[in-house]
Amino acid sequence: MAYTVPRPKLTFAEKIYLPSIVAGLMITIKHFKRMLQGKTHVVMQYPEEKWDKSLPAYYRGAPTLVKDHDRERCVACQLCEFICPPRAITIKPGELPAQSKFAKVEKYPKEFEIDMIRCIYCGLCEEVCPEQAIFLRKDYAIVGTSRAEMVHDKAKLYEMGGVMEGLVPKWNEKK
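Just so it is clear, the structure is predicted and the values come from calculations on it, not from any experiment. (Residues numbered from 1 in each chain as written. Predicted model: local features only at pLDDT ≥ 70, side-chain atom pairs only at ≥ 80, totals over all residues. Heavy atoms only, no water.)

Draft legend 1. Representation of the sheet that holds strand E5 (residues 151-152). Sheet architecture is open: three strands sit in the order E2-E3-E5, paired in antiparallel fashion. Looking at which strands have only one partner, the edges of the open sheet turn out to be strand E2 (89-95) and E5. With two bridges connecting them, strand E3 (residues 107-115) and E5 associate as antiparallel partners. Of the residues in E5, the one forming a bridge with Ile114 is His152. (Pairing = 2+ DSSP bridges. Helix = DSSP H or I, 4+ residues; strand = E, 2+ residues; numbered from the N terminus.)

Take a look at the structure:
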């Protein structure tokens, strides 16, 4: 059954948006007056000053891969690829060489790519990883001059991620 929602009757002033325009101008004039009196201040000069020191602990930035000292932590289980809502992660698994001590139990990512343009920084990939191979950095300024630059391959992800020391990646330690 359909419900009919009655529309409110607008006055003539509301139809020509005059009260809304005047209210918006009054706010603008108030801010301009405060600026002339010197009561307002700029919070941060962005390119020169960065948030790096004051980012909250729960901030989620760019996903990266980390290594152990002797091997890649990623075992190409593809859970992060399957859980990723925008499908930004692509993994092609490969078999480890027969002489490797992990050859019978693990795979490795032959190709691992994250499309940073599609990534929504939700953190699901980090949560689902059984090997703690993927972490979210505290980066918020990820730039590129083309779409191809924004697709980070395995080498770029390991370069950004670094080496795992203990339970926290080396770049993520509190100083």
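Draft legend 2. Molecular detail of the nonpolar core. Judged by nonpolar contacts, the single largest core of 22 residues is most densely connected at Ile89, Phe112, Ile114, Met116 and Ile134. For this core, the secondary structure elements donating two or more residues are E2, E3, strand E4 (134-136) and helix H5 (154-161). Per-element accounting of this core gives the leading share, three residues, to H5. Here Ile134 is in contact with Pro63, Thr64, Leu65, Phe112, Ile114, Cys125, Glu126 and Cys129, once residues within four sequence places are set aside. (Core = buried A, V, L, I, M, F, W, Y, C linked by side-chain atoms within 4.5 Å. Buried < 20%, exposed > 50% of the residue type's maximum accessible area, 1.4 Å probe, protein only. Contact = heavy atoms within 4.5 Å.)

Draft legend 3. Examining H5 more closely. For H5, the complete set of buried residues consists of Lys154, Leu157, Tyr158, Met160 and Gly161. Each buried residue of H5 sits inside an arc of 160 degrees when the element is viewed along its axis, so together they form one side. Residues of H5 that are exposed and point more than 90 degrees away from the buried face comprise Ala155 and Glu159. Immediately beyond the C-terminal end of H5, within one or two residues, lies Gly162, with a positive phi of roughly 85 degrees. (Arc of directions from axis to C-beta.)

Draft legend 4. Summary view of the side chain of Glu81. With respect to the helices, strands and loops of the structure, Glu81 is situated in helix H3 (residues 79-83). Buried charge without a partner: Glu81 forms no salt bridge, and the closest opposite charge is Arg87, 7.4 Å away. Of note is the side chain of Glu81, whose polar atom sits 3.2 Å from the side chain of Gln78. With sequence-adjacent residues up to four places away left out, Glu81 is seen in contact with Arg87, Ile89, Thr90 and Ile91. (Lys, Arg positive; Asp, Glu negative; His and termini not counted. Salt bridge = Lys/Arg side-chain N within 4 Å of Asp/Glu carboxyl O. Polar contact = N/O pair within 3.5 Å; in protein donor to acceptor, adjacent residues only side chain to side chain.)

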